[in-house]
Amino acid sequence: MYNKKEREAYNVFRNQTCEQLGLTKNQYNQFRRISAELHRIFENDCNGLYAGENEADSEAAEVMDRLETALNKLQTKLFYHIQTDPRGATVYLSHEPIDQTNYSRANHIW
């Protein structure tokens, strides 16, 4: 869990991201949970914890469907990029299409 200082920093980051993307805190938290799930899948895959490549892909596809469903329910159109390298943020969102080479310019949802 977070200590007080970390919680304050998280709240500032979440509020800024919500304002920039036009999200509510609940919507942000939903995307954060999805991002955490994908992050776990990619980390487990990287660590060889799946029996085969298809198992990780199948699990990730289910979570990606939930991501796309959540995005489609928004009032505003957001684009996304998924970073499968588990060393950083997993889901990036933006009002503009996200270039695969410059995705870090978009808002990340850890």
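The present account deals with the structure reproduced in this document. Residue numbers restart at each chain and count upward from 1, following the sequence in its written direction. Residue-level local features of this predicted model are given only where pLDDT is at least 70; pairs of side-chain atoms are given and counted only at 80 or more, and the full residue set underlies all totals for whole chains, interfaces and linings. Side-chain measures here rest on the full set of heavy atoms in the structure, leaving out hydrogens and waters.

### Thoughts on the environment of Ile98
Numbering goes from the N terminus for both helices and strands, where a helix is a DSSP run of H or I of at least four residues and a strand is a run of E of at least two. Note that Ile98 resides in the loop between strand S2 (91-94) and strand S3 (107-109). When accessible area is computed with a 1.4 Å probe and restricted to protein chains, residues below 20% of their type maximum are described as buried, those above 50% as exposed, and intermediate ones as partly exposed. Ile98 sits in the buried class, given a relative accessible area of 16%. Sequence separation between Ile98 and Ala61 is 37 residues, and the spatial gap between their C-alpha atoms is 20 Å. We call two residues in contact when some of their heavy atoms are within 4.5 Å. Contacts of Ile98, omitting those with residues within four sequence positions, involve Phe79, Tyr80, His81, Tyr92, Leu93, Tyr103 and Ala106.

### Notes on the pairing of S2
As a general feature of sheets, a regular strand has side chains that alternate between the two faces. Residue alternation in S2 divides its side chains into two sets, Val91 and Leu93 and Tyr92 and Ser94, and both sets are buried. One bridge is not enough; two strands pair if DSSP finds at least two bridges between them. Where strand S1 (residues 79-82) lies against S2, 4 bridges are found, and the strand directions are antiparallel. In the strand pairing of S2, Tyr80 is matched with Leu93. Pairing geometry for S2 and S3, over 3 bridges, is antiparallel. Its bridge partner lying in S3, Leu93 is registered against Asn107.

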